[in-house]
Amino acid sequence: MNTLIIFSLLVLLMLTGMPISISLGLTVLTYLFTMTQVPIESVALKLFTGIEKFEIMAVPFFILAGNFLTHGGVARRIIHFATTMIGHWFGGLGLAGVLACAMFAAISGSSVATVVAVGSIILPAMTNQGYPKQFGAGVITTSGALGILFPPSINLVMFSIATAGMSATGPNGESVGTASVGQLFMAGVVPGLVLSLLLGVTTWYRAKKFDYPRMPKASWAERFKAFRDSFWGLMLIVVVIGGIYSGKFTPTEAAAVAAVYAFIISVFVYKDMGLKDVPRVLLKAAAMSSMLLYIITNAVLFSFLMASEQIPQTMAAWMSAQGFGLVVFLLLVNLILLGAGNFMDPAAIVLIMAPILFPVAAKLGVDPVHLGILMAVNMEVGLCHPPVGLNLYVASGITKMGITELTVAVWPWLLTMLGFLLVVTYWPGLSLALPRLLGLVG
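Residues numbered from 1 in each chain as written. Predicted model: local features only at pLDDT ≥ 70, side-chain atom pairs only at ≥ 80, totals over all residues. Heavy atoms only, no water.

## Here's the deal with the overall build of the protein chain
Right, on to step 1. What the protein chain contains, in helices and strands, is 21 helices and two strands.
Right, on to step 2. Since a compact globule built from 442 residues should have a radius of gyration of about 22 Å, the 22 Å found for the protein chain is in line with a globular shape.
Right, on to step 3. Taken along its principal axes, the extent of the C-alpha atoms in the protein chain is 70 × 45 × 45 Å.
Right, on to step 4. Within the protein chain, the proportion of its 442 residues that are buried is 54%.
Right, on to step 5. In the protein chain, of all internal contacts separated by at least 6 residues, the share reaching a separation of at least 24 is 79%.
Right, on to step 6. For the protein chain, the accessible surface area stands at approximately 18,100 Å², while carbon and sulfur atoms represent 70% of it. (Helix = DSSP H or I, 4+ residues; strand = E, 2+ residues; numbered from the N terminus. Rg over C-alpha atoms; globule rule 2.2 N^0.38 Å. Buried < 20%, exposed > 50% of the residue type's maximum accessible area, 1.4 Å probe, protein only. Contact = heavy atoms within 4.5 Å. Areas by Shrake-Rupley, 256 points an atom, 1.4 Å probe, with all protein chains shown as cover.)

What follows is the structure, encoded as structure tokens:
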């Protein structure tokens, strides 16, 4: 009954058009003040301690790094490098868009930044070469979602934050730990590469089927020059991932290093930004960080309410009583997350649903790292379908296409993503192989 009241109130507030962060906070405060005896002092204390986690600092730093890269000409150089490598294949410019999105996602950690940076450059080029606008929009809208899966994904950081400090028991009563940022980063690499390949195959197949233009084959000298031009941007992947797994710094420290590195290459190496542009980039990053941190703050309160009312444990007991096995549970998780993606942004979904699903998943033997990647892939799909698919709105602004027209344009790639979601759901080895190889998970 308590669960029904809490979620009914939350949905009701969101349906009024109220921002999700405020809806979360009001739901918690209304319930605590009217239906429980929890001291308000404990709420204030939880609000303070919940957001003083060191890992949370990674969020604004990765956002700042992504903003420097978006405005600093890195995307343009990466696109040129990708074009010289595979531009001569069927749908070459579209394939270059997929490859550029994958590479830029791996250095920015943001899907929206990837769509803006890559899409604003490559979509006009595709139109000029004779590609239908719908084809280019479908490629970039869906490929841009790779930012959620590849490290340094901001959403994977949020999953780790949302479940940090939680306790759960496995199917045999053993204690199950939460997933660290480092484990999640490594777990996202192989699924990210596989999804990039599948999106590329879809792009190639449709380009060949409709005989879309191909570019002249670049010489090796041109390819080397393009690589040299994009080298400093691509090195950020090595700096962040290599630094974390060599033990030089933590993921949070890696975020700070990434921000400083992105600033240096944008202003002093590539010189596409002047010092006068830096305050504008800082303000934009601060505005985005403030929005996410406010959502995190209210999500911490919501998690506190979930824990104090024993809602995750109750749900786990109910599912066990219904005889739901692992297959049915994972199917339900996908349906819930895809449904939530119809009216909520990915950050809010992760922060609300991760604390609820984690204890239930642990009870059924789902690895926390696998659950984190499963949620990330669901968020990727949610970014690309209406009515609140954020990538759709960003791509709409770039292409000047309506949401309905854009929704039709993305369906071949969206079906590919849904098929990939099923593979990730029921093949945990895809997510866990690399972390196990590196000794990060048992």
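## Comments concerning the side chain of T83
Right, on to step 1. Structurally, T83 is set in helix α5 (residues 74–86).
Right, on to step 2. Given the relative accessible area of 12%, T83 is considered buried.
Right, on to step 3. Of the polar contacts made by the side chain of T83, one reaches the backbone oxygen of I79; its length is 2.7 Å. (Polar contact = N/O pair within 3.5 Å; in protein donor to acceptor, adjacent residues only side chain to side chain.)

## Focus: unusual backbone geometry
Right, on to step 1. Between P151 and P152 the backbone carries a cis peptide bond, its omega angle lying at 5 degrees.
Right, on to step 2. Along the chain, P152 turns up in the loop between α8 (133–143) and α9 (154–163).
Right, on to step 3. One non-glycine residue with positive phi stands out, namely K271, at about 60 degrees.
Right, on to step 4. Along the chain, K271 falls in the loop between α13 (251–269) and α14 (278–308).

## Considering the nonpolar core
Right, on to step 1. Ranked by size, the top nonpolar core spans 142 residues in total, and within it F104, M158, F302, L371 and M375 carry the most contacts.
Right, on to step 2. If you tally residues by element for this core, the top one is helix α17 (residues 346–363), at 14 residues.
Right, on to step 3. Formed by seven residues, the second largest nonpolar core is a distinct cluster that contains A395, M401, A409 and V410. (Core = buried A, V, L, I, M, F, W, Y, C linked by side-chain atoms within 4.5 Å.)

## Some thoughts on the confidence of the model for the protein chain
Right, on to step 1. Taken as a whole, the protein chain shows an average pLDDT of 83; of its residues, 94% reach a score of 70 or greater.
Right, on to step 2. Across the protein chain, helix α11 (residues 189–209) holds the top mean pLDDT of 93, while helix α15 (residues 311–322) sits lowest at 69. (pLDDT = per-residue confidence, 0-100.)

## Quick word on the packing of aromatic side chains
Right, on to step 1. What the rule picks out here adds up to 11 aromatic pairs.
Right, on to step 2. On the numbers, 6.0 Å between centres and 75 degrees between planes, the contact of F227 with F231 is edge-to-face. Here F227 pairs with F231, and both are found in helix α12 (residues 220–245), just four residues apart, close to one helical turn.
Right, on to step 3. Among the residues examined, F231 registers a relative accessible area of 30% and is labelled partly exposed. (Phe/Tyr/Trp six-rings, centres within 6.5 Å; stacked < 30°, edge-to-face > 60°.)

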